Structures are given as structure tokens and as C-alpha cells.
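Now for the letters of each chain:
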Amino acid sequence: MSQKIKKIAVHLVSLPVAAGLADATRKVESVGYTVVRITTDQGLEGMGLTYHEMGGEATKALILNNFVPKLIDCDPFATEALWEQFFHYLRGVGRKGLTFGALSAVDIALWDLKGKILGLPLFRLLGGNKTSVPVYASGGWTSYSDDQLVQEAQSMVAQGYQKIKVKLGVEGGTKPRRDIERMQKVREAIGPEIDLLVDANNCWDAATAIQVANNIRDMRVCKFFCVNGSIA
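The residue numbers shown here count from 1 along each chain, following its written sequence. Local features in this predicted model are restricted to residues of pLDDT 70 or higher, and side-chain atom pairs are both shown and tallied only at a pLDDT of 80 or more, whereas totals for entire chains, interfaces and linings draw on every residue. Hydrogens and waters are ignored; side-chain quantities use all the structure's heavy atoms.

Novice: When you look at the nonpolar core in this model, what are you seeing that I'm missing?
Specialist: Looking at soluble globular proteins, one finds that nonpolar side chains tend to be buried together. We define the nonpolar core as a collection of buried residues of types Ala, Val, Leu, Ile, Met, Phe, Trp, Tyr and Cys that are connected through side-chain atoms lying within 4.5 Å of one another. For each residue, the accessible area found with a 1.4 Å probe, counting protein chains only, is set against the maximum for its type, and the residue is called buried under 20%, exposed over 50%, and partly exposed in between. Ile-164, Leu-168, Met-183, Leu-196, Val-198, Ile-216 and Phe-224 are the most contacted members of the largest nonpolar core, which has 29 residues in total. Breaking this core down by element, the ones donating at least two residues are helix H5 (146-158), strand S5 (163-167), helix H7 (176-190), strand S6 (195-199), helix H8 (206-215) and strand S7 (221-225). We call two residues contacting when some pair of their heavy atoms lies within 4.5 Å. With residues up to four places along the chain from it excluded, the contact list for Ile-164 reads Tyr-136, Ala-137, Ala-153, Met-156, Val-157, Ile-190, Ile-194, Asp-195, Leu-196 and Leu-197. Formed by 21 residues, the second largest nonpolar core is a distinct cluster that contains Ile-63, Leu-82, Leu-90 and Leu-103. Starting at the N terminus, helices and strands are each numbered in turn, a helix being any DSSP run of H or I of at least four residues and a strand any DSSP run of E of at least two.

Novice: I would appreciate a short explanation of the side chain of Lys-165 in the present structure.
Specialist: Position of Lys-165 relative to the elements: it lies in strand S5. Residue Lys-165 is classed as buried on the basis of its relative accessible area of 9%. Polar contacts, as used here, are pairs of N or O atoms within 3.5 Å; protein pairs need one atom able to donate a hydrogen and one able to accept it. Residues neighboring in sequence count only if both atoms are side-chain atoms. Within the local environment of Lys-165, its side chain forms a polar contact with the side chain of Asp-199, the two groups lying 3.2 Å apart. Each residue touching Lys-165, except ones within four places of it in the same chain, is listed here: Tyr-136, Ala-137, Ser-138, Gly-139, Met-156, Leu-197, Val-198, Asp-199 and Phe-225.

Novice: What is the right way to look at the packing of H5 against H7 in this model?
Specialist: Orientation is described by axes fitted as lines to C-alpha atoms, over the contacting stretch for helices, and by angles from 0 to 180 degrees between their N-to-C directions. At a minimum axis separation of 9 Å, H5 and H7 run at an interaxial angle of 35°. The two elements H5 and H7 meet at a crossing, and its hand is right-handed. Each of Asp-146, Leu-149, Val-150, Ala-153, Gln-154 and Val-157 in H5 lies in contact with H7, whose residues at this interface are Arg-178, Arg-182, Met-183, Lys-185, Val-186, Ala-189 and Ile-190. Looking at the contact of H5 with H7 residue by residue, the class counts come to eight nonpolar, one polar and four charged. Each crossing gets its handedness from the near helix: less than a right angle anticlockwise from the far helix is left-handed, clockwise is right-handed. The residue classification treats Ala, Val, Leu, Ile, Met, Phe, Trp, Tyr, Cys and Pro as nonpolar and Asp, Glu, Lys and Arg as charged. All others, Gly included, are polar.

Novice: Looking at this structure, how should I read the environment of Glu-80?
Specialist: Looking at the element boundaries, Glu-80 is found in helix H2 (residues 79-89). Sequence-wise, Glu-80 and Leu-110 are 30 residues apart; in three dimensions their C-alpha atoms are separated by 9.9 Å.

Novice: How do you make sense of helix H1 (residues 57-71) when you look at a structure like this?
Specialist: Between its first and last C-alpha, H1 extends 20 Å over 15 residues, near the 21 Å set by a 1.5 Å rise per residue. Of all bends in H1, the biggest is about 30°, found at Leu-64. Turning to H1, its buried residues number three or more, namely Thr-59, Leu-62, Ile-63, Phe-67, Val-68 and Leu-71. In this fold, the buried residues of H1 make contact with strand S1 (5-16), strand S2 (30-40), strand S3 (45-51), H2 and helix H3 (98-118). Asp-73 lies just past H1 and shows a positive phi near 75°. To estimate how far a helix should extend, the number of its residues minus one is multiplied by 1.5 Å. What the bend at a residue measures is the angle between two axes, fitted to the seven residues ending there and to the seven starting there.

Novice: Is there a simple way to explain H5 in this structure?
Specialist: Because an α-helix completes one turn every 3.6 residues, residues spaced three or four positions apart along the sequence face the same direction. Given a rise of 1.5 Å per residue, 13 residues ought to cover 18 Å, and the 18 Å separating the end C-alpha atoms of H5 matches this to within 8%. For H5, the secondary structure elements touched by its buried residues are strand S4 (137-138), S5 and H7. Among the residues trailing H5, Gly-160 stands out with phi positive, at a value near 105°.

Novice: Hey, could you run me through the packing of aromatic side chains in this one?
Specialist: The relative placement of two aromatic rings is captured by the distance of their centres and the angle of their planes. Paired rings are identified among Phe, Tyr and Trp, the last through its six-membered ring, by centres lying within 6.5 Å, and are further divided according to the angle between planes into stacked (under 30 degrees), edge-to-face (over 60) and tilted (the rest). Tallied over the full model, the rule gives five aromatic pairs. Ring geometry for Tyr-33 versus Tyr-51: centroids 5.4 Å apart, planes at 25°, classification stacked. In this pair, Tyr-33 is assigned in strand S2 and Tyr-51 in strand S3, connecting sequence segments 18 residues apart. Ring geometry for Phe-87 and Phe-100: centres 6.1 Å apart, planes at 75°, overall edge-to-face. Taken together, the positions of Phe-87 in helix H2 and Phe-100 in helix H3 put the pair 13 residues apart, joining distant regions of the chain. Overall, Phe-100 belongs to the partly exposed group, its relative accessible area being 25%. Charges are assigned to positions over rings by a cutoff of 6 Å between ring centre and Lys NZ or Arg CZ, combined with an angular limit of 35 degrees from the ring normal. Its end group placed over the ring of Tyr-89, Lys-70 keeps NZ or CZ at 4.5 Å from the ring centre. Directly above the aromatic system of Trp-111 lies the positively charged group of Lys-114, at a separation of 3.9 Å from the ring centroid.

Novice: Could you clarify how one ought to interpret the sheet that holds S2 in this entry?
Specialist: Sheets are built from strands paired through backbone hydrogen bonds, the pairs being either parallel or antiparallel. With respect to topology, three strands assemble into an open sheet ordered S1-S2-S3, the strand pairing being antiparallel. Strands with a single pairing partner mark the edges of an open sheet, and in this sheet they are S1 and S3. If you compare each strand with its neighbour and ignore which way they point, the axes differ by 20° on average. Strand pairing is defined by DSSP finding a minimum of two bridges between the two strands. Bridge analysis of S2 against S3 gives seven bridges, and the strand direction is antiparallel. In the strand pairing of S3, Thr-34 is matched with Thr-50. The strands touched by H1 within the sheet are S1, S2 and S3, with S1 carrying the most contacts at an inclination of about 170°.

Structure (C-alpha cells):
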């Protein structure tokens, strides 16, 4: 029996983090998500989320005011059609940032709901056959001293992680040479076999990011996140 979407709820959830943490562009006072719950007329529920930093209250308002009216009574299996509809409908709001944070949360909830209706985990629904995925540990805040940075990197490795990500952009990204020195210390501390990823959180223009990337190339950095994207 076919099901229809009958209810959409949006929640803002967050937890405070330890005082004093910061990346290159902001102080980090909490970690939070905008959570979307889509329920069918038979009571099955799909859940999706996006980071608070993708809009928070604004994301919630956008979903409630612009997505919900167009989702009620829709077929939850129409994931691709609904994505295309919202992509074009919201072109005046934008095609990145707030809009895509909202669209991502709704799309994830729809795919989760589809899997629950069929009784399949999402990786099977998408045609996959692997039962595990690679993960990395993330931290290494720019507010850390060099010793704190190294200690956390070593702790991640001690916990069994083979991939770790740390932050670039000390003092708001104004001291790239210090970042290069810090990455050298991290690489020496974790050894040559651990995959090292770095994230500058959009603090540099492309030219500065490329200069830093060239200077840390020999440190075997496998992924560099920087200017609204990544430099391999």
C-alpha cells in the first residue's frame, strides 16, 4: 500500500563545548544540528540533519515555510523529483549555503524514510555492498598551543584512527608560516603512515591556500580543505 507524507517537524538541537575552542574564522561555543523528521500516514519516520552553522533558525524557517507546504501528501519515493522541484523553486534564495543546508536535511530524511518503508539499510538501497566505511578523527583547534595540538593528534592515533584532521589558520589565518611549523610538528609526532588532513575553514584566499599547500606538500597531507571546497 502506498504511503503519503503527512507531517514534517524541524528541531534545533545543540550542546555546549569546552570553552576556548576556535578555528581560523570563529569561536566554537556549541555543536548543533537542524534535524528534520518526515512522517508518513502510516507512521514511518525518516530523519535528516544539517549543521547549525548552515543557518540554524533561518534554515528551520525556510523548511517550515517553503518546503513543508509542498511536501504534504507527496509520495516519499519521489526523492529525485522533489529534489529537482526544490532546486528550481528556491533559485531566488540561492543555490548554496542556507538553501542547500535546508535541501540536504530534507533530502536525507526522504532517503531515510524510503529505506525504512522498504526495510533496507540505505547503503543497500543505493546499491552498495560494503559493510564499513573509512573514518577520520577531527580536532586540532587553532586555539591550541603547539603542545596541545601534538598531544591531541597523538591521542587520536592512540585510539586507533588511521586518518586525522587538524585545523590551519592560527590567529585568524594571519600567520601561515606558523601553520606550516605546526603541521611539521604534527607529522613528526604521528609518523609517516597516518593519513593527515588539514582544514583552514575558509580563512584564506586561493593564492595563500596554494602557497601553504605547496609548503606542506612534503608532509604528505592527503586532503586540504580551505576555500569553500578542497585542494587535494
